[in-house]
Amino acid sequence: MCTGKCAKFIGKLLFPLGICAIVANLLLYFPNGNILEMEQITDFVWYFHGIVGAGLLAFLPAFMMLGAGGEGCCANRCGVRHKKMFLTVLLSALGTIGGAYCVVISAMGLVRGPLCDTGDAIVCHFCDRRDNYLFHHDTWSLCKKPEKVVLWNVVLFSILLGIGAIETVLCLVQVINGVIGVICGTCLRKRKINVTRLHQ
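Visitor: Requested: an account of the overall build of the protein, with residues and values cited.
Guide: The secondary structure content of the protein amounts to 5 helices and 2 strands. Residue pairs at least 24 apart in sequence account for 77% of intrachain contacts in the protein once pairs closer than 6 positions are excluded.

Have a look at this one:
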């Protein structure tokens, strides 16, 4: 695929992924639709890994990719477009960091588990367990309130983990694609026009 078209394609993919990441992160603040106090929500939600990491940091390279994307293969060394392609490399590297950040925080959130009311107090019930609660669904019912908070956290953190991983791969691909576009640019169209004029 041509470097410009590839950049445009990746840019279009990053927008819906970023929106989904922001929505998933926001939903983590309202377990099962409940409005809780700040201290009742797991700490990993407050790292804004979906809003900033997989959201805003994905939009920045996406906007630039759409601007740098154009027709023609290896034809990006043409003034403004060449500069835009170079900027996509830098911003895609930032997007890669944002996606990786989302993956790491989501994984930590999954391992630790949510804060919940076990009947005695609001605690991180699964923090000190030796066995992984993710593979022992019978322990999920020990969290009384909010209802189904464990399932809520597992699903949303898993979605964010997946989105972060996909964005990381896409941004890495664009880093490589952008470098090729910068090095390989030849202004094919301009050369064709000049050759045609010489023959006339």
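Visitor: Got a sec to walk through the environment of L36? Specific residues and values, please.
Guide: Considering the arrangement of structural elements, one finds L36 in the loop between α1 (3–27) and α2 (49–68). Judged by relative accessible area, which is 22%, L36 ranks as partly exposed. Sequence separation of L36 and P146 is 110 residues, and the distance between their C-alpha atoms is 8.8 Å. Those residues in contact with L36 that sit more than four places away from it in its chain are P31, I41 and P146.

Visitor: So, the environment of M64: which residues are in play, and what are the values?
Guide: Along the chain, M64 turns up in helix α2. In this structure, the C-alpha to C-alpha distance between M64 and K8, residues 56 residues apart in sequence, is 8.9 Å. Beyond its immediate sequence surroundings of up to four residues, M64 is in contact with K84, L87, T88 and L91.

Visitor: Provide a residue-level description of the side chain of T96, including the pertinent values.
Guide: Tracing the backbone through its elements, the reader meets T96 in helix α3 (residues 80–112). By relative accessible area, T96 is classed as buried at 13%. Leave out the neighbours within four places in its chain, and T96 touches T168, C171 and L172.

Visitor: I'd like a rundown of the packing of aromatic side chains, residues and numbers included.
Guide: Evaluation of the coordinates by the stated rule reveals 5 aromatic pairs. Ring geometry for F126 and Y133: centres 4.5 Å apart, planes at 25°, overall stacked. Both residues of the pair, F126 and Y133, belong to the buried class. Among the aromatic residues, those joined into a cluster by ring pairs are F15, F59 and F63.

Visitor: Tell me about unusual backbone geometry, and please be specific about residues and values.
Guide: Residue P146 is bonded to the preceding K145 through a cis peptide linkage, with omega at -10°. Here P146 shows up in the loop between β2 (122–123) and α4 (149–184). The phi dihedral of F48 falls on the positive side, at around 55°, and the residue is not glycine. Mapped onto the elements of the fold, F48 is located in the loop between α1 and α2. Its identity is not glycine, yet K148 carries a phi of approximately 60°, on the positive side. Note on placement: K148 falls in the loop between β2 and α4.

Visitor: Please provide a residue-by-residue account of the packing of α1 against α4, values included.
Guide: For the pair α1 and α4, the least separation of the axes is 9 Å and the interaxial angle reads 160°. The orientation of α1 relative to α4 falls into the category roughly antiparallel. Handedness of the crossing formed by α1 with α4: left-handed. Counted by class, the contact of α1 with α4 contains 20 nonpolar, 6 polar and 1 charged residues.

Visitor: Now, about the packing of α1 against α2: what can you tell me, with residues and values included?
Guide: Look at α1 against α2: their axes get within 7 Å of each other, and the N-to-C directions meet at 160°. In terms of orientation, α1 lies roughly antiparallel with respect to α2. As α1 packs across α2, the resulting crossing turns out to be left-handed. Among the residues forming the contact of α1 with α2, the class breakdown is 18 nonpolar, 7 polar and 2 charged.

The rules behind the values
Residues numbered from 1 in each chain as written. Predicted model: local features only at pLDDT ≥ 70, side-chain atom pairs only at ≥ 80, totals over all residues. Heavy atoms only, no water. Helix = DSSP H or I, 4+ residues; strand = E, 2+ residues; numbered from the N terminus. Contact = heavy atoms within 4.5 Å. Buried < 20%, exposed > 50% of the residue type's maximum accessible area, 1.4 Å probe, protein only. Phe/Tyr/Trp six-rings, centres within 6.5 Å; stacked < 30°, edge-to-face > 60°. Axes fitted to C-alpha atoms, helices over the stretch in contact; angles between N-to-C directions. Parallel < 35°, antiparallel > 145°, perpendicular 65-115°, else oblique. Left-handed = near helix turned anticlockwise from the far one by under 90°. Nonpolar A, V, L, I, M, F, W, Y, C, P; charged D, E, K, R; others polar.

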